[in-house]
Amino acid sequence: MIDTDTQINTTPQGPVDDRALLQRAELVLGDFQSQIQNVPYEDKGVFFSEMLFVLAAVGPGFSSRVLESGRARGQSTFVLGRIFPDADIISVEFDKDSPDAPVAKDRLKDFGHVKLLYGDSRKLLFKHLQPNTVAIIDGPKGFRAIRLALQLLRTGKVGKVFIHDVYKGLATRRFLDQHVPGTVYSDHDAFVEKFKHLDAPCWDGFDTSQPMEWHSAAEGLVGDPSYGPTFACLSFDPAISYRLILCRLNLMNFFARAGTSVNKKLRKRGGA
Ligand SMILES: C[S@@+](CC[C@H](N)C(=O)[O-])C[C@H]1O[C@@H](n2cnc3c(N)ncnc32)[C@H](O)[C@@H]1O
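Reading the values: rules and limits
Residues numbered from 1 in each chain as written. Predicted model: local features only at pLDDT ≥ 70, side-chain atom pairs only at ≥ 80, totals over all residues. Domains from an automatic or database assignment. Nonpolar A, V, L, I, M, F, W, Y, C, P; charged D, E, K, R; others polar. Near = placed C-beta within 6 Å. Helix = DSSP H or I, 4+ residues; strand = E, 2+ residues; numbered from the N terminus. Expected span 1.5 Å × (residues − 1). Bend = angle between axes of the 7 residues up to and from the residue. Buried ≥ 20, exposed ≤ 12 C-beta atoms within 10 Å, placed from the backbone. Pairing = 2+ DSSP bridges. Contact = placed C-beta atoms within 7 Å. Axes fitted to C-alpha atoms, helices over the stretch in contact; angles between N-to-C directions. Right-handed = clockwise from strand over helix to strand, strands pointing away.

Engineer: Give a description of the domain arrangement of the chain that names residues and reports values.
Structural biologist: Each domain of the chain was delimited in the assignment, giving domain 1 (18-201 + 211-240) and domain 2 (242-272). The centre of domain 1, based on its C-alpha atoms, is set 30 Å off from the matching centre of domain 2. Taken together, the residues of the side of domain 1 that touches domain 2 sort by class into six nonpolar, two polar and two charged.

So, in structure tokens, the structure goes:
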């Protein structure tokens, strides 16, 4: 493993912290900018600064497998194709009939190393694991995404998992902070400050006069909003029991469901 100021770790194994990520992102920024030059931004897509976060965490020259869950119009897939030219990229999209599907297919047709599949990645991804895999989850969302990430890490074949839409104030974020040590986020202040300029093309489609989803008070968030949708990065750590964390997640879901059903019954009785 290489990790000096001038060389970059090219394997996805091992934890990364905010400081290391920032340093690595600075080192790869020039190449990244060349790779994304003239790449138009597609609706629903992951921001460019968030993709720089992925590149910095994984390391350039990554030549193993990248599994993507949730392709839509292929924005993240296209950037993955550019930043990891030596990797074998498999992208899974659930909704074959979506108008997004042909857009992605057409956009990605020139990448020989990007394979497009359709189906539920909660099943499909496990058929395509190989040692040293990196996974990017941008659908399913919420706790379904967290469960998928933990199940992937539990196999021991996945070095890093990125989960999209884990902005501040969400219950999923609190869960990761409490139960998955070493999780880092692309909305880290210093990272955003340095690299948000990459996202200028992304903001065109947003109505910035309205609060963004990731500023949403409905999610219980007050103050200190995230900069954008936000990637969480979970690095495989052999000292972590992913089985145990999955048990906690299942228990939490069980009690949440039980609470909802008790509340419903109480409301019914109150109304009777
Ligand atoms: C926000 S979009 C993805 C955007 C894409 N990553 C990009 O940057 O352009 C989310 C996509 O995830 C897909 N999705 C949701 N659940 C899924 C699942 N279980 N397996 C595969 N895809 C799924 C949805 O159909 C949708 O197209």
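Once the structure has been displayed, the description carries forward.
Engineer: Talk me through the site of the ligand; I want residue IDs and the actual numbers.
Structural biologist: Taken together, 23 residues sit near the ligand, with Gly70, Gln75, Ser76, Phe94 and Gly139 positioned nearest. Elements with a contribution of two residues or more to the shell around the ligand: helix 3 (75-83), strand 2 (88-93) and helix 5 (121-124). Partitioned by chemical class, the residues of the shell around the ligand number five nonpolar, eight polar and ten charged.

Engineer: Explain unusual backbone geometry to me, using residue names and the numbers behind them.
Structural biologist: Between glycine 139 and the following residue, proline 140, the backbone shows a cis peptide bond with an omega angle of 5°. Its place among the elements puts proline 140 in the loop between strand 4 (133-137) and helix 6 (142-154).

Engineer: Let's hear about helix 1 (residues 18-36): which residues, and what values?
Structural biologist: Counting along an α-helix, one turn takes 3.6 residues, and residues three or four places apart therefore face a common direction. Compared with the 27 Å implied by 1.5 Å per residue over 19 residues, the 23 Å span of helix 1 between its first and last C-alpha is markedly short. The axis of helix 1 is deflected most strongly, by about 50°, at leucine 29. Asparagine 38 sits one or two residues past helix 1 and shows a positive phi near 65°.

Engineer: Explain helix 6 residue by residue, including any values.
Structural biologist: The first and last C-alpha atoms of helix 6 sit 19 Å apart over 13 residues, in line with the 18 Å expected at 1.5 Å per residue. Those residues of helix 6 that sit buried are Ala145, Ile146, Leu148, Ala149, Leu150, Leu152 and Leu153. Just past helix 6, the residue glycine 156 takes up positive phi, approximately 80°.

Engineer: Outline the sheet that holds strand 2, listing residues and values.
Structural biologist: The seven strands lie next to each other as 3-2-1-4-5-7-6, forming an open sheet whose pairing is mixed. The two strands at the open ends of the sheet, each matched to only one other strand, are strand 3 (114-118) and strand 6 (184-185). Pairing geometry for strand 6 and strand 7 (residues 231-235), over two bridges, is antiparallel. Its bridge partner being in strand 7, valine 184 is matched across the sheet by cysteine 233. The sheet contacts of helix 2 (residues 48-58) involve strand 4, strand 5 (158-164) and strand 7, and relative to strand 7 the element is tilted by about 10°.

Engineer: An account of the pairing of strand 4 is needed here, citing residue identities and associated values.
Structural biologist: Counted residue by residue, strand 4 has five buried out of five residues, so it is predominantly covered. Of the two faces of strand 4, the one lined by Thr133, Ala135 and Ile137 and the one lined by Val134 and Ile136 are each fully buried. Pairing analysis gives four bridges linking strand 1 (residues 65-69) to strand 4, with the strands arranged parallel. Of the residues in strand 4, the one forming a bridge with leucine 67 is alanine 135. Bridge analysis of strand 4 against strand 5 gives five bridges, and the strand direction is parallel. By the bridge assignment for strand 5, valine 134 is matched with lysine 160. Of the crossover connections in this fold, the one passing from strand 4 over helix 6 to the parallel strand 5 is right-handed.

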